Amino acid sequence: MNDHFQEKFIEEAKELVSGLEEALLLLEDNPDDTKHIEEVFRVMHTLKGSGAMFGMNEISEFTHNLESLYVFVKEQQIPVTKQLLDLTLDSVDHIKVLLSQKIDKGTLSNGLELSGKILQHIKNAGIEVLQDSESSDILPDKVREQDKIIDQQKSVATFYILFKPGKEILRDGTNPLYLLDELSTMGSTYIFRHSDNVPTFRKIDPALCYTFWEILMATGNVIDDIHDVFLFVEDVSTIEILKIADCNILDNSDFIRKAESLFVEGEAMSKAILKNISEELIVLPGKLQSKPVDKAVIPVSETGKKDNHKKENITIKQQPEAYENRGISSIRVSSDKIDNLMNNISELVIVQARLSLLADKMNQPDLSQISESVEKLSRQLRDNVFNISLVPVKNLVARYKRLVRDLSKELGKEIDFFTEGTETALDKNIIESLTDPLLHIFRNSIDHGIEDIETREKIGKPEKGKITLKAYYSGSEVHIAVEDDGGGIDINKIKEKAVNKGIIKAGASPGEKEILNLIFLPGFSTASKVTGVSGRGVGMDVVMRKIKDIRGNVEIDTEVGKGTTITIKLPLTLSIIDGLLVSVADSLYVLPISVVDKIFPVKHKELQDSFNNIIVLDGGQILFIYLRSEFVIGGEAPVYEQVVVVRHGEQKVGLVVDAVIREYQAVLKPVGSHYKDQDFFSGATILGDGSIALILDTNRIVSKFTNDNQ
Amino acid sequence: MINNNIKDMAKTIMFVEDSESVREAVKFTLEKAGYNVILGTDGSDALKYLENPDIDLVLTDLYMPNMDGIGLIKEIRKSKNHKHVPILFLTTETHKHKKIEAREAGATGWIVKPFVPEKLITTIRKVLR
């Protein structure tokens, strides 16, 4: 864990400890007050838990004993005595030393002695102390882990698993299908579903689970690992796990056929018979040698979502020791090759869409199955290649560091440059398009943001200014922020200027955000003097345009005298998006699914009768945009239309369409140059039947619409 | 590492914990894994977020001032919006009885403290995916 967090923890722990001292002293005055005991216990609990989290094991190990002691105090098995409090206060002093991180031999032996006293105190109360397992557990755990890994490569076994979830299982948020998914990441699975008990639609209670499953699984994992999958549901479900063969018998088609014949809807199959069948089939030892699980042939369920981390471990362990360090862990590939790969995948996605369309039309189960598998695979392939083409923001840092250094020197300012979260990764094409906009932003910050040394001194700011480049994920976006501790942007100044330029009327009182956004207008500059560096007003509008080109957005936060933060919000990737296919009359459109919040069917009449394009949905007023009229599409609207509620910053806005068709993986293709002035679409995509759907840029539509309406 | 499935990313997790440093560290970890994070400082503080319909998972400590984790779990299960939201709680090996108590109150599962970030994310994915 990050050092920054450790520091923070130490700071907080110091506060906690002083609170603890106070609570102990209060406890001394009122030994029966359970409130103080609770408080003491809670602090110890936090110290222990957080200590270990932040790598301060001495603290967590030491507090562990102390916490155990207070468990008994809490349960009134050990009375609050002066002796107890003395011991606790001594321990608190010890924790203080540990927190100061000036640990020497004396501290450690003191700690051991105190721990001994604490355990003795518990014993004296006549309580059996279990051997402290916490600290000694660490090593065996690791050893066990390794054993597992060795086990895994040694033997693949086949298990029968009965998973009969309790009826109420859905109520506490468990999705049993995820558990099946997890099982299939452990090896190859063959799943029988019993769904006859599902009542008819009229009678079904959607909060109850009526289905159960039987699973045959070949895996290198041990039975405990399988139990672990069901860890959270074990007490409310029936789980039976039985090893039926010491090899991967799922490879054997005879076995599968016989197992299938055993299957009776609604009844668990006989494990004895199953085991018998498997034993019969394994007559010749060696014929069914265990194979690495990954090569098992029956991928009935998806086995792709492997825990990469685990898998890495296994492969490394399988290599002989001597070769361990020789493996090539990464290779350099030219970015053209990745672009090509990306293009291929885009094509694949389009072809796959055609395939699923065909499969739907032909209505042949075999074909549908293949088409579904292809869809799954292409989705995985897409995600994997996305990951390859991601580049950390770190790659940008060096040049800005240099910029800050050189420019601040030139301007006679002193500025420290910090970075945060630079391991955040983005599509490399986006990174490339970011260079110039960021350069503008940095220049602005250095030139206009950070004050010169004298001014800073005068207003009591540290001599050195500070600029921070931050990157972080937020939902399906990446945010990149440039934060300075300079003079901030004076909103009144902008307003004044806007009035002078005739952009806003003298009497108007727009909101702060709106005023700030004026900066993005072409030819708008508030700097009182134009320098060689910036201030000619050719900055922010270009920044905004370039960021919009890559489907991003720019936001400004500022406080006069404190500083400015400019945040660039970007999509994770440029070329393929998960979308929602919708229609208005005969035209099809795709909305990025990441912005979709909810969908409501609403009567056309209701929309027609609404005032100011506002309807009440889900208990709240929602502004809606009627795409049929916005896009000037004629024709009759259906009786029921769909309001797709999309997020736009803090705001939620409804887009009214005729119908929502389905989710759709859309490959973004640029629209031709005829449409370059068209703001509403970020591109187009080709559908399975060869027709075209336009991809809506909801951000622009919403901002255009809301501006027009003001 | 970023999450493979882009749609996963918009999931929102409410994390309730009284220790500021743990809150921040876990927030960092979760955000890095692509989740949106809402933070509550204790049970009663967290209640105010229950009006928010966009919570996909609740992660809560058990020992907190004002309202403890068990109390919070019970409240969530009574709430209109989040009756069925998955709830994971943090517990230590020494509090086995707490595990039962929390389970009875309606929790989905637990994460054993102290935890390492990777483990946290794996467990969350187990429930959320």
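Scroll up for the structure.
Structure report, in brief. (Residues numbered from 1 in each chain as written. Chains lettered and ligands numbered in written order. Predicted model: local features only at pLDDT ≥ 70, side-chain atom pairs only at ≥ 80, totals over all residues. Heavy atoms only, no water.)

With respect to the overall build of chain B
Consideration 1: Secondary structure assignment for chain B yields 5 helices and 5 strands.
Consideration 2: In chain B, the order of α-helices and β-strands from amino to carboxyl end is β-α-β-α-β-α-β-α-β-α.
Consideration 3: Per-residue burial over chain B gives 62% buried out of 129 residues.
Consideration 4: Taking contacts inside chain B between residues at least 6 apart in sequence as the whole, the part at least 24 apart equals 63%.
Consideration 5: Put simply, chain B shows about 4900 Å² of open surface, and 52% of that area lies on carbon and sulfur atoms. (Helix = DSSP H or I, 4+ residues; strand = E, 2+ residues; numbered from the N terminus. Buried < 20%, exposed > 50% of the residue type's maximum accessible area, 1.4 Å probe, protein only. Contact = heavy atoms within 4.5 Å. Areas by Shrake-Rupley, 256 points an atom, 1.4 Å probe, with all protein chains shown as cover.)

Some points on helix α3 (residues 69-78) of chain B
Consideration 1: For α3(B), the complete set of buried residues consists of G69(B), I70(B), L72(B), I73(B), I76(B) and R77(B). The arc enclosing the buried residues of α3(B), seen along the axis, measures out at 160°, which places them on a common side. (Arc of directions from axis to C-beta.)

Description of the packing of aromatic side chains
All names here are of chain A.
Consideration 1: Taken as a whole and judged by the stated rule, the model has 12 aromatic pairs over all chains.
Consideration 2: Relative to F681, the ring of F631 lies with its centre 5.6 Å away and its plane at 55°, an arrangement referred to as tilted. One end of the pair, F631, is in the loop between α21 (627-630) and β17 (640-648); the other, F681, is in strand β20 (residues 681-686), and 50 residues separate them in sequence.
Consideration 3: Using a relative accessible area of 17% as the deciding quantity, one classes F681 as buried.
Consideration 4: By way of ring pairs, the aromatic residues Y589, F631, F680 and F681 are connected into one cluster. (Phe/Tyr/Trp six-rings, centres within 6.5 Å; stacked < 30°, edge-to-face > 60°.)

What about the interface of chain B and chain A?
Consideration 1: Taken together, the 54 residues of chain B in the interface contact 58 residues of chain A.
Consideration 2: Here chain B and chain A share 2 salt bridges between them.
Consideration 3: With a closest N to O distance of 3.7 Å, K652(A) and D54(B) form a salt bridge.
Consideration 4: Breaking the side of chain B that touches chain A down by element, the ones donating at least two residues are α1 (20-32), β4 (87-92), β5 (109-113) and α5 (117-127) of chain B.
Consideration 5: Among the elements that take part in the side of chain B that touches chain A, α1(B) stands out by supplying 10 residues, more than any other.
Consideration 6: For the side of chain B that touches chain A, the class distribution of residues is 23 nonpolar, 16 polar and 15 charged. (Salt bridge = Lys/Arg side-chain N within 4 Å of Asp/Glu carboxyl O. Nonpolar A, V, L, I, M, F, W, Y, C, P; charged D, E, K, R; others polar.)

Read these as geometric descriptors, not functional statements.
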